[in-house]
Every structure is written in C-alpha cells, then in structure tokens.
Amino acid sequence: MGLLQDKKGIIFGVANERSIAWAIAKALRREGAHLAFTYANKTLESRVKPLAESMGSEIVLPCDVTVDGEIDGVFDTIKERWGGLDIVIHSIAFAEKNELKGMFMDTSREGFRIAMDVSVYSLVAITRRALPLMEGRGSSIVTLTYYGSEKVVKNYNVMGVCKSALESAVRYLASDIGPRGVRINAISAGPVKTLAAMGISGFRDILDVVEKKSPLRRNITQEDVASTALYLASSLSSGVTGEVIYVDSGYHIMGV
Ligand code: NAD
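So, here's what we can say about the structure. (Residues numbered from 1 in each chain as written. Predicted model: local features only at pLDDT ≥ 70, side-chain atom pairs only at ≥ 80, totals over all residues. Heavy atoms only, no water.)

### Examining the nonpolar core
We count it as follows: Remark: nonpolar core denotes a set of buried residues (Ala, Val, Leu, Ile, Met, Phe, Trp, Tyr, Cys) joined through side-chain atoms within 4.5 Å. Only protein chains enter the accessibility calculation, which uses a 1.4 Å probe. A residue is then buried if its area is under 20% of the maximum for its type, exposed if over 50%, and partly exposed in between. Secondary structure follows DSSP: runs of H or I at least 4 residues long count as helices, runs of E at least 2 residues long count as strands, and numbering of each begins at the N terminus. For this analysis, residues touch if any pair of their heavy atoms sits within 4.5 Å.
One finds Ile11, Leu28 and Phe37 to be the most contacted residues of the largest nonpolar core, which totals 38 residues. Elements with a minimum of two residues in this core: helix 1 (20-30), strand 2 (34-39), helix 2 (42-54), strand 4 (87-90), strand 5 (139-145), strand 6 (182-189) and helix 7 (222-233). Here this core takes eight residues from helix 1, the largest share from any one element. With residues up to four places along the chain from it excluded, the contact list for Ile11 reads Ala21, Ala25, Leu28, Leu35, Ala36, Phe37, Thr38 and Ile89. Among the nonpolar cores identified, the runner-up in size contains 33 residues, and Phe75, Leu123, Leu133 and Ala186 belong to it.

This is the structure we're talking about:
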C-alpha cells in the first residue's frame, strides 16, 4: 500500500512537464493519492489537461489565483466531488519580466502588487478556503520558496521580497490552522530550469554557482523536490509545521 493510499490532493501550479508541481504530482500519485489539477489560463488548459488525464485525474479546473470567484469555484467543486481534502500543493509565483532584471529599487508599484498578489496572497486565499475541507484528517499544505528570500540574488528582486513574505505567511498560517489539525510548510528549492525560472535574467549563472559551490556539487532536480514534498504531504512529517525545508544540494549552509 502506498504512503498516500486513497488520499485526496489538489495541485496548483502545473504549466508543463518541467513544472515542479508536475514532479510532485507524479510522486504523490505513485504513492496512491487521487489528484485534482488547476490551470491558470486558457493557453495552459491544453497543456495541463492531457497531463492530468495521463494519471487518470478527473478533476481539472480553471484557477487564476487573482480571481476570488475562480478559487471559490475550485473548492466548491472539491467539496461536491470529494467532500474532503488531504493535500494542497501551492506551486505558484509570478512577476512581470521587466521586474526580474536591473535594480530592485526600480520595482514599479503595479509590478510589486501583482507579484505579491499572485505569489503570496494566493496562499492565504487558498488556505482559508481549503481549511474546512482539510480539518481533522491529518492534512497538509505545501508551498515553494527560494533562497532569494533571505539573501540578495541578482535580478531576483521583487520575487525575493515575495518569498520572504511567503515564508512569513507560512508561519502565521501554521499558527492559525494548527489547532484544527492541518499543517503547512515550505520547500526552499534550489534553482531548476522551468518556465518561471527562465523569466529571471541571468538564471544560467545561478545554476553554475550552485554546481560549483554547493556541498553536493550538483544542481537539484524536480524529483529531489518531489520527494521532500511527498514527505511533507504524508504522515511521515506529522509533527512538522511552519517550517522551511531546503532542497538545494546544501547551498544555503555555505559561507566563505
Ligand atoms: P512553472 O512556471 O512551471 O510554475 C509556475 C506556475 O505558476 C505556473 O503553473 C503558472 O501557471 C502559475 N501561475 C502564475 N500566475 C498564476 C496565476 N495568476 N494564477 C494561477 N497560477 C499562476 O515554474 P516552477 O519553477 O515549477 O515554479 C513553481 C514554484 O516553485 C514557484 O513558486 C517558484 O517560485 C518556486 N521555485 C522555483 C525554483 C526554480 O528554480 N524553478 C526554485 C525555487 C522555488
């Protein structure tokens, strides 16, 4: 029997087969979970639907996380179809391309607002709606963050500030939902080549530095992240909440 036999999970953040969310979905499914998927817009629908169907998923829903009505629609459907929920994977971030180069101090008011809304507030909005379906069944929420939250990473700019806020949100949410038996944690993933990552100017240089300087002397893969997500989604991590767990080949521990 799998670690997640007959558990119900929803995956926010698949864009294509390189998405971290897709690797996580494969790991959860392998361990027996039934999964629902969302897609951000019409263009992505045609990519996400076949992927979801390839693992026998019957629930694939539109969800632009800047639209409250779409988030409501997702959780209304989950309530109707499943009645409860064990796992939420939040693997979503966005900043306008022009905010991911040059100086952070040049971030526009609108660029800041959009990045925070999509990348941080969405976790709050999703958690609030998921909670009634998740309480009292050992459920778990997992989000994705990056080291640019705590140290300056060239060109990461507003997204670094978003990730700081996201990690803080994880702690506040953990305190809110813990008494109702639901856990929430973040994985701080090392750089991986995905659609979102390619929007960061000079991303290749970041990969090179990790390969040279991390203790493991290699970059991580989506599958490395997925294994930790599996641990956080399952009862193996039953006593863990409000944490940021690094899956970065150990890069963050290094000084000079
Ligand atoms: P990705 O491009 O595959 O995934 C990003 C997802 O965000 C996409 O599915 C996209 O549709 C979704 N999204 C953007 N705007 C949205 C909106 N308005 N509504 C709903 N969904 C929206 O890239 P990824 O690298 O797999 O990113 C997943 C998460 O991992 C992000 O939070 C990212 O910051 C984080 N992360 C990535 C790396 C990396 O190097 N790739 C490292 C650490 C953390």
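Additional details are given in the paragraphs that follow.
### Re the environment of Tyr39
Operational definition: A 3.5 Å cut-off defines polar contacts: any pair of N or O atoms within that distance qualifies, except that in protein one atom must be a possible hydrogen donor and the other a possible acceptor, and neighbouring residues in sequence count only when both atoms are side-chain atoms.
By the secondary structure assignment, Tyr39 is in strand 2. Linking Tyr39 and Ile141, residues 102 residues apart in sequence, is a C-alpha distance of 18 Å. Ignoring any residue separated from it by four or fewer positions in sequence, one finds Tyr39 in contact with Leu44, Glu45, Val48, Val60, Leu61, Pro62, Cys63 and Asp64. A polar side-chain atom of Tyr39 sits 3.3 Å from a polar atom in the side chain of Glu45.

Any functional reading would require information beyond the geometric quantities listed.
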